[in-house]
Amino acid sequence: MPTEPKDKETFGSETRWQAIRADNSDVRSWLKNAPLCPLLQTHHIAHTGLMWAKSPFEVIRSEASGTFALIGLEGEGETLIDGDWHTLLENEICLLPAFAPTAIRAKSQQNWNFAWVRYEEARETSPILSSNSPVIQKGNVLPLKHAIAGLAAELESKSTQPATLHHWVELIHGFVARAASPFQDDDRLWRVWKAVEKDLARDWNLTDLESIAHLSQEHIRRLSQQQLGRSPIQQITYLRMRRAVSLLASTNDKIETIATTVGYQNPFTFSNAFKRWTGKRPSDYRE
């Protein structure tokens, strides 16, 4: 059984970064001297920047306060997705949900250049990610790199122009918003996840998905992995955990009731699955 992640920040002597923050509320040492750009708050962005990381660089957050966009620029590093470590390559965009563990680390003997955008989101508001947002996708990452660098340069300018700042902020958020948009090229798979979301208590299997999508099971597997970065069964579990977190945070329903609502007849099985995916026990959300 995986242990609950504990907050950790290790940068090492060879890691460099360029950060921009929305306000001065975050007093962590690596952020407190970053330039301020209040315009980031218009899109609920807490901070953004560029990182040139080298081992032993590692950052772990047991519960992220908002969506985290991680974008590989050069080299490769690792990030925690659904409880397991995955390699993030160049030109890959990784979107991690709010209120779940977030962890990233550099690989041994490798330089890793990446960009990030951290959002600050409340549980009662709609996050930038939807249930159909891809986890990891390939893309042209240079526009985001240049937008962050442009925003930083404008903030350092002696004649900073609000209109120019707005331009760079819109480009940064627009990049993440497009990456978070569900794929609509094949709406047959989109219909599958909508059906699953409406009836999470059902004991779903690939045959059920096949009948909804009118696609072969292998085709469903391939599309799911390609579009979302998860297998169909992993996506079903993700949807269940996402709903469970929402119910735990917004209702007084018993944990046993929530377990049944999201498809688990055994509360112990639900608790173990919940901890694997979120890093916490369901009861932790009630303390």
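Here's a quick rundown of the structure. The structure presented is a predicted model; accordingly, all values stated were derived computationally and were not measured.

We now examine the pattern of salt bridges. Scanning the model with the defined rule gives nine salt bridges in all. A salt bridge links glutamate 9 to arginine 28, with the shortest nitrogen-to-oxygen separation between them at 2.5 Å. Here the residue glutamate 9 occupies a position in strand 1 (residues 8-10), and arginine 28 occupies one in the loop between strand 2 (16-21) and strand 3 (45-54), the gap between them amounting to 19 residues. When the shortest N-O distance is used, the salt bridge between glutamate 14 and lysine 54 registers 3.6 Å. Here glutamate 14 is found in the loop between strand 1 and strand 2, whereas its partner lysine 54 is found in strand 3, with 40 residues between them in sequence. Residues joined by salt bridges that share partners form a network here, namely Glu9, Asp26 and Arg28.

So, about helix 2 (residues 162-180). The terminal C-alpha atoms of helix 2, which comprises 19 residues, lie 27 Å apart, in line with the 27 Å expected from a rise of 1.5 Å per residue. Taken together, the buried positions of helix 2 are occupied by Leu165, Val169, Ile172, His173, Gly174, Phe175, Val176, Ala179 and Ala180. Those residues of helix 2 that are buried lie in contact with strand 3, strand 5 (68-74), strand 8 (92-96), strand 10 (111-119), strand 11 (136-138) and helix 1 (142-156).

Turning next to the sheet that holds strand 6 (residues 77-81). On the basis of which strands lie adjacent, the open sheet formed by five strands has the order 1-4-9-6-7 and antiparallel pairing. Each edge of the open sheet carries a strand with a single partner, namely strand 1 and strand 7 (84-88). Each strand axis lies, on average, 20° off the axis of its neighbour in the sheet, ignoring direction. Pairing of strand 6 with strand 9 (residues 102-106) involves three bridges; the strand directions are antiparallel. Residue pairing in the sheet places glutamate 78 in a bridge with arginine 105 of strand 9.

Rules used throughout
- Residues numbered from 1 in each chain as written.
- Predicted model: local features only at pLDDT ≥ 70, side-chain atom pairs only at ≥ 80, totals over all residues.
- Heavy atoms only, no water.
- Salt bridge = Lys/Arg side-chain N within 4 Å of Asp/Glu carboxyl O.
- Helix = DSSP H or I, 4+ residues; strand = E, 2+ residues; numbered from the N terminus.
- Expected span 1.5 Å × (residues − 1).
- Buried < 20%, exposed > 50% of the residue type's maximum accessible area, 1.4 Å probe, protein only.
- Contact = heavy atoms within 4.5 Å.
- Pairing = 2+ DSSP bridges.
- Axes fitted to C-alpha atoms, helices over the stretch in contact; angles between N-to-C directions.

Functional significance is not addressed by these values, which are geometric in nature.
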